[in-house]
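Summary of the model geometry
Listed below are the residues making up each chain.
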Amino acid sequence: MTSPRLTVVVAAHNEALALPMLHPRLRAVLAGLEGIDGRVLYVDDGSTDTTWAVMQALAAADSCVGVLRLSRNFGKEAALTAGLDFVDDGAVMILDADGQDPPELIPEFVALWQQGYDNVYGTRLARDGESWLKRSTAKAFYRVIGRLSKTPIPADTGDFRLLSPRAVQALGQLRERHRFMKGLFGWVGFRRKALPYHRHARLVGESKFGFWRLWNFALEGITGFSTAPLRVTTYLGLAAATFAFVFALVVVSKAALYGDRVAGWPTMMAVILFLGGIQLIALGLIGEYLGRLYEESKQRPLYLIDTWQAPFVADSALHPIGGEQRDDHGTAAVGRQVP
């Protein structure tokens with residue numbers, strides 16, 4: 001009987017210093033998993049440093065390591081999607097390249113998977129190496145999206161998780177362009193289980209996610225999994241209209257009873273600016289959703305592959321989903337598409 005396969009997918013962008021420190025820990029953990037065929041797939045998301053050269057060196061020294069290079073930087077969500085697409089069999093463990101999520105916990109994820117869980121996700125109890133402001137805003141974001149979205153999105157939970165084969169196959173059917181992976185993980189459903197853990201500081205370097213990128217990431221998640229902002233603007237417009245109607249009655253009544261002495265310019269400007277602000281906010285929210293529809297309508301590939309090298313082990317058949325790929329000889333090929 002063949003052993004169950006577990007592929008650890010690590011997406012990296014400019015992590016040339018962190019990968020050599022992470023890989024020995026990862027391989028030691030996989031070597032200690034009894035009855036599990038452990039493999040590693042590194043995805044280079046268009047790095048501009050020597051990350052790709054480091055990945056190639058790791059693959060040359062380890063037959064269980066595969067490497068995948070995107071044609072440019074498509075973003076972490078697309079890089080994770082590419083990694084999941086190129087896993088042809090078995091379960092997937094998602095791990096960040098910066099070492100904040102300890103690979104030593106993988107046996108605990110595997111144990112829960114073997115108990116029948118399809119989505120075992122790590123829930124952060126603490127976040128070392130991050131500022132108070134970043135921890136606070138992240139905590140607030142997860143609480144907000146948890147209330148706005150009908151899709152279950154666990155609080156304080158990132159991409160550190162293990163997905164069963166059927167969960168990976170289900171994710172392969174979701175080909176939307178604006179991808180909020182934490183929401184997609186919850187959308188597919190199946191049996192879920194949280195694994196609390198202590199998140200460490202980065203091994204080296206600084207986070208690639210500044211506050212501007214995190215803000216845009218939050219907008220992506222909220223607009224991708226909730227229409228509540230549109231509904232809020234509707235209620236806000238109704239409230240403003242009601243307020244304006246009542247105010248108009250007061251003005252008319254006052255003019256009828258006491259006469260209209262001097263027009264209230266400050267009051268008029270305040271009302272105009274208030275209503276104008278509400279209209280601009282509503283138009284901005286509508287534009288956010290309309291822009292996403294525009295991106296989806298173009299039906300561009302989620303990513304393009306520059307180089308693909310499978311692990312040098314048996315049964316490493318390639319079954320990519322979506323995007324363009326290249327085989328070991330650099331020959332262009334198109335992966336099968338999911339309808």
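Residues numbered from 1 in each chain as written. Predicted model: local features only at pLDDT ≥ 70, side-chain atom pairs only at ≥ 80, totals over all residues. Heavy atoms only, no water.

**What to know about the overall build of the chain**
Convention followed: Numbering of helices and strands runs from the N terminus, with a helix taken as a DSSP run of H or I at least four residues long and a strand as a DSSP run of E at least two residues long. Using a 1.4 Å probe on the protein chains alone, a residue whose accessible area is under 20% of its type maximum counts as buried, one over 50% counts as exposed, and one in between counts as partly exposed. Here a residue-residue contact requires only that any non-hydrogen atoms of the pair lie within 4.5 Å. To be clear on the numbers: accessible area is Shrake-Rupley with a 1.4 Å probe, and residue cover counts the displayed protein chains and nothing else.
In terms of helices and strands, the chain carries 10 helices and 10 strands. Classification of the 339 residues of the chain by burial places 45% in the buried group. The contacts of the chain with a sequence gap of at least 6 include a subset with a gap of at least 24, amounting to 79%. Counting every atom, the chain has about 17600 Å² of accessible surface; 62% of that belongs to carbon and sulfur.

**A few points about the environment of Asp-96**
Defined as follows: Here a polar contact means two N or O atoms within 3.5 Å. Within protein one must be a hydrogen donor candidate and the other an acceptor candidate, and residues neighboring in sequence count only if both atoms are side-chain atoms.
You can see Asp-96 is positioned in strand β4 (residues 91-96). With 84 residues separating them along the chain, Asp-96 and Ala-12 place their C-alpha atoms 7.5 Å apart. Once residues lying within four places of it in the same chain are set aside, the contact partners of Asp-96 are Val-10, Leu-22, Lys-76, Asp-101 and Arg-199. In terms of polar contacts, Asp-96 uses its side chain to reach the side chain of Lys-76, at 3.1 Å.

**So, the nonpolar core**
In a soluble, globular protein the nonpolar side chains are often hidden away together inside. Here is the rule: Only buried Ala, Val, Leu, Ile, Met, Phe, Trp, Tyr and Cys residues count toward a nonpolar core, and they belong to the same one when joined by side-chain atoms within 4.5 Å.
In this structure, Leu-6, Val-10, Leu-19, Leu-26, Tyr-42, Ile-106 and Leu-162 are the most contacted members of the largest nonpolar core, which totals 37 residues. Filtering out sequence-adjacent residues up to four positions away, Leu-6 remains in contact with Leu-33, Ile-36, Asp-37, Gly-38, Arg-39, Ala-91, Val-92, Met-93, Ile-106, Val-110 and Leu-162. Counting 29 residues, the second largest nonpolar core, distinct from the first, contains Leu-41, Ala-79, Leu-174 and Met-181.

**A look at the confidence of the model for the chain**
Low pLDDT marks regions whose predicted coordinates should not be analysed in detail. Worth spelling out the cut-off: Each residue carries a pLDDT value, the predictor's own confidence for that position, ranging from 0 to 100.
Mean pLDDT over the chain: 75, with 68% of residues reaching 70 or higher. Taking the mean pLDDT of every element in the chain, the minimum, 33, falls on strand β10 (residues 332-334) and the maximum, 91, on strand β3 (residues 65-70). Here residues 315-339 is modelled with pLDDT under 50, and outside its nearest four sequence neighbours on either side it reaches 54 contacts, counting other chains as well.

**Re the packing of helix α1 (residues 19-31) against helix α2 (residues 51-61)**
Quick reminder of the rule: Axis definition: a line fitted to C-alpha atoms, limited for helices to the stretch in contact. Angles are taken between N-to-C directions and run from 0 to 180 degrees. Roughly parallel means an angle under 35 degrees; roughly antiparallel means over 145; roughly perpendicular covers 65 to 115; every other angle is labelled oblique. Two helices that cross are described as forming a left-handed crossing if the nearer one is turned anticlockwise from the farther one by less than a right angle, and a right-handed crossing if clockwise. Residues were grouped as follows: Ala, Val, Leu, Ile, Met, Phe, Trp, Tyr, Cys and Pro as nonpolar; Asp, Glu, Lys and Arg as charged; and all remaining residues, including Gly, as polar.
Where α1 meets α2, the axes come as close as 11 Å, and the angle between the chain directions of the two elements is 25 degrees. On the basis of their axis angle, the class for α1 and α2 is roughly parallel. Viewed along their axes, α1 and α2 form a crossing whose handedness is right-handed. Along its contact with α1, which presents Leu-19, Pro-20 and His-23, the element α2 presents Thr-51, Val-54, Met-55 and Leu-58. Residues that form the contact of α1 with α2 fall into these classes: 5 nonpolar, 2 polar and no charged.

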